[in-house]
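A closer look at the structure
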Amino acid sequence: GKSKDIWIAIRTDGKAGTGVEIDPLDGSTQAKFDAIMVADQGTNNLHFHLGAGTFQTNIAAQAWVIKPGWMFDGAGTTLTTVQAVGNLAGIHYGLDVLGAPSGTDTSNVTIRNLSIDMNWGVIGASADTGSGSEKNIKLLAITISGSHTRIEHVAMANGYGSFANGQESFWCLIGCSPATATVTDNIVTDVTATSPNGTYSSPFAFGGSTGHIISNSAFRNCSAYGTNDGNDALG
């Protein structure tokens, strides 16, 4: 069916809003933005329109995940940011800003015209130190499993991965869930990755494997800017 539209803004008038274009919901704090997303966990095919500003989400809490058919439209990569916050202590696995657990089908998802700030420079201090004096965690931007994904005009920044702890951070990962052994038609266009942290990050990845085939899919006109420290993995 047709997507339901929900508008969210950084409101400054103190009103909660109703979610229509002329009266957007107030996502001006982490608590308010996450509450909006949690309230929509039972509904597929929602089209979220994010206005200008920074929308914060507590990735440590993992209170909500992307559902099938969800669409996120920002006002542009320089105007709309979804930013990770939270206390990372005790968490030794990957946390994504916009994603869903592996094994869940998140087909027909669209993310476009926004920036994703994994915010390592701020929240990384709370993470546990593991092997090699490196933090034992990884931060990711987008994790999707399914078909008909569209990720367009997105700027990803400030992620983290740790080679010493086996924490490879796939910033934009499209994979197959057990429920969808074969996925198709996943197109990522005009996405940038900048400001990696740690020692083990991969900006773009398709997560196929034996019996899990990704077909008719592509990364187009995407770019990554790393650190020239001699640790590239391209041989």
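This part is about the overall build of the chain. Secondary structure summary: the chain contains two helices and 19 strands in total. In terms of overall size, the chain behaves like a compact globule, its C-alpha atoms giving a radius of gyration of 17 Å where 235 residues would be expected to give roughly 18 Å. Projected onto its principal axes, the C-alpha positions of the chain cover 50 × 40 × 30 Å. Expressed as a percentage of the 235 residues in the chain, the buried residues total 44%. Taking contacts inside the chain between residues at least 6 apart in sequence as the whole, the part at least 24 apart equals 77%. Here the chain has roughly 10500 Å² of accessible surface; of this, 51% comes from carbon and sulfur atoms. Distance from the positive charge centre (11 side chains) to the negative charge centre (19 side chains) of the chain: 7 Å.

In this structure, asparagine 113 is a non-glycine residue whose phi angle is positive, near 60°. Considering the arrangement of structural elements, one finds asparagine 113 in strand S8 (residues 110–117). A relative accessible area of 26% means that asparagine 113 is categorised as partly exposed. The phi angle at asparagine 119 is positive, at roughly 65°, despite the residue not being glycine. With respect to the helices, strands and loops of the structure, asparagine 119 is situated in the loop between S8 and helix H2 (120–123).

Glancing now at the packing of aromatic side chains. Any aromatic ring pair is given by two values, namely how distant the centres are and how the planes are angled relative to each other. A complete count under the given rule lists 10 aromatic pairs for this structure. Taken together, a centroid distance of 5.5 Å and an interplanar angle of 45° make the contact between phenylalanine 33 and phenylalanine 55 tilted. Here phenylalanine 55 lies in strand S4 (residues 53–58) and phenylalanine 33 lies in helix H1 (residues 30–39), a separation of 22 residues in the sequence. No difference in accessibility class separates phenylalanine 33 from phenylalanine 55, as the two residues are buried. An angle of 75° between the planes, with centres 5.0 Å apart, marks the rings of phenylalanine 163 and tyrosine 200 as edge-to-face. Here phenylalanine 163, found in the loop between strand S11 (160–161) and strand S12 (169–175), pairs with tyrosine 200, found in the loop between strand S15 (197–198) and strand S16 (201–207); they are 37 residues apart in sequence, far enough to count as distant. Phenylalanine 163 gets classed as exposed once you look at its relative accessible area, which sits at 56%. Take tyrosine 200: its relative accessible area is 26%, and that puts it in the partly exposed class. In this structure an aromatic cluster arises from ring pairing among Phe33, Phe48, Phe55, Trp64, Trp70 and Phe72.

Residues of H1 that are buried include every one of Phe33, Asp34, Ile36 and Met37, and no others. Axial view of H1: buried residues confined to an arc of 155°, hence all on one face. Residues of H1 that are exposed and point more than 90 degrees away from the buried face comprise Ala31 and Ala39. In this fold, the buried residues of H1 make contact with strand S1 (4–9), strand S2 (25–26), strand S3 (46–50), S4 and strand S5 (71–73).

Calculation notes
Residues numbered from 1 in each chain as written. Predicted model: local features only at pLDDT ≥ 70, side-chain atom pairs only at ≥ 80, totals over all residues. Heavy atoms only, no water. Helix = DSSP H or I, 4+ residues; strand = E, 2+ residues; numbered from the N terminus. Rg over C-alpha atoms; globule rule 2.2 N^0.38 Å. Buried < 20%, exposed > 50% of the residue type's maximum accessible area, 1.4 Å probe, protein only. Contact = heavy atoms within 4.5 Å. Areas by Shrake-Rupley, 256 points an atom, 1.4 Å probe, with all protein chains shown as cover. Lys, Arg positive; Asp, Glu negative; His and termini not counted. Charge placed at Lys NZ, Arg CZ, Asp CG, Glu CD. Phe/Tyr/Trp six-rings, centres within 6.5 Å; stacked < 30°, edge-to-face > 60°. Arc of directions from axis to C-beta.

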